[in-house]
Amino acid sequence: MRKVTLIRGDGIGPEIAAAAITVIKAAGVNIKWEEVSAGAGALEKFGTPIPRETVESINKTGVALKAPLTTPVGSGFRSVNVALRMELDLYANLRPSKTFPGIASPFTDIDLVVVRENTEDLYAGVEHMVGEDAAESIKIITRKASERIVHFAFDYALKAGRKKVTAVHKANIMKLSDGLFLESARHVAEQYPQVEFEDRIVDNMAMQLVLKPHLYEVIVAPNLYGDILSDLCAGLVGGLGLVPGANIGDNAALFEPVHGSVPKYAGQNRANPTAMIMAAVMMLGYIGENEAAGRIQNALAELIKEGKQVTADLGGSAGTKEMAAALTEMLR
Ligand code: NAD
């Protein structure tokens, strides 16, 4: 039986994690969950937001399914998500945004993938106060990490049958850091003549994605632009409750929803479990359970299209549990 590390997370995390586990089981996949904790819950219990055993478990199983974690804003511990990605060198953050038929959105037939660099940029957390009234954050961009993420984007494009990769930057202003990212992207692109390559300045990219989203397929970006643009793409397909993300390294991968822990809905059976279930679908594909992954995805698409047994944000009247139960019934 395949072992997978499970982090149930904070806020709405435990509810959507339970939904995903039920659905995976209903699809006939037997997984031995190795449950560990992280985030605010782990801090309370173990005195650290990332207990050693959590990292060790992911290193050992090589695969993790994780619900969102709460990170204090402005002070307190650093983001556990960022720390986990760095600790495990999960350098590629893959965020697909694909339209579910039946979702009310002015945009139709969106099928975009953002490949976000996951280990450096302003997320390296190198910041300090300069006296009392100024603060500096240092943006770190290296050739190694930039080439590695652009290779990942092109390899993904080839595997997924995508025809174009677009690199995003602000090299007109940050000539050294973003300039290095762009130079690295151009260098790597030369090694993939079968895939079209182009680059866009990030502000223009944001506008283009709203005006002409169908012109783009795979977008590769440094950490911060990738974070922002992938939320924009999530908005194009109906919101954060729907889209999953995969954090992939050479030795391990961690799958999670893009959204956060929505503390205001915690324990209320109101959270939409779709993004968490889609993260499970990506995880199943990664471990070779493609048939089950396909069946879950199709059943979820059908349920959302019907629009009844879905959560309120999708226009339905079901709770998290009822939506998972309806999906389970369809899969059986
Ligand atoms: P959030 O994603 O938790 O919530 C933003 C809004 O999106 C919510 O108010 C809600 O209206 C909607 N939403 C998101 N997911 C939903 C779902 N499944 N069902 C229904 N509605 C949903 O973002 P936030 O409020 O900025 O952050 C809250 C906490 O989550 C913070 O502590 C933040 O650090 C953390 N966070 C964690 C992750 C992660 O673990 N990967 C990612 C983002 C934010």
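Everything numeric here is computed off the predicted structure, so don't read it as measured data.

Attention now goes to the packing of helix H5 (residues 143–160) against helix H6 (residues 177–189). At a closest axis distance of 9 Å, the pairing of H5 and H6 adopts a crossing angle of 45 degrees. Taken together, the axis directions place H5 and H6 in an arrangement best described as oblique. Handedness of the crossing formed by H5 with H6: right-handed. For the pair H5 and H6, the contacting residues are Arg 143, Ser 146, Glu 147, Ile 149, Val 150, His 151 and Phe 154 in the first and Leu 180, Phe 181, Glu 183, Ser 184, Ala 185, His 187, Val 188 and Ala 189 in the second.

On domain assignment, one finds that the protein holds domain 1 (1–92 + 243–332) and domain 2 (105–237). On a C-alpha basis, the centres of domain 1 and domain 2 stand 25 Å from each other. For the pair domain 1 and domain 2, the two sides together bury roughly 1100 Å², of which 60% comes from carbon and sulfur. Summed over the three residues of domain 1 that lose the most area to domain 2, namely Met 86, Tyr 91 and Ala 92, the buried surface amounts to 48% of that side. Where domain 1 meets domain 2, there are one salt bridge. One can count four residue pairs in polar contact (both at pLDDT 80 or more) joining domain 1 with domain 2. Secondary-structure elements contributing two or more residues to the side of domain 1 that touches domain 2 are helix H4 (80–87) and strand S11 (244–248). Per-element accounting of the side of domain 1 that touches domain 2 gives the leading share, three residues, to H4.

Rules behind the numbers
Residues numbered from 1 in each chain as written. Predicted model: local features only at pLDDT ≥ 70, side-chain atom pairs only at ≥ 80, totals over all residues. Heavy atoms only, no water. Axes fitted to C-alpha atoms, helices over the stretch in contact; angles between N-to-C directions. Helix = DSSP H or I, 4+ residues; strand = E, 2+ residues; numbered from the N terminus. Parallel < 35°, antiparallel > 145°, perpendicular 65-115°, else oblique. Left-handed = near helix turned anticlockwise from the far one by under 90°. Contact = heavy atoms within 4.5 Å. Domains from an automatic or database assignment. Buried area = accessible area lost by both parts, 1.4 Å probe. Salt bridge = Lys/Arg side-chain N within 4 Å of Asp/Glu carboxyl O. Polar contact = N/O pair within 3.5 Å; in protein donor to acceptor, adjacent residues only side chain to side chain.

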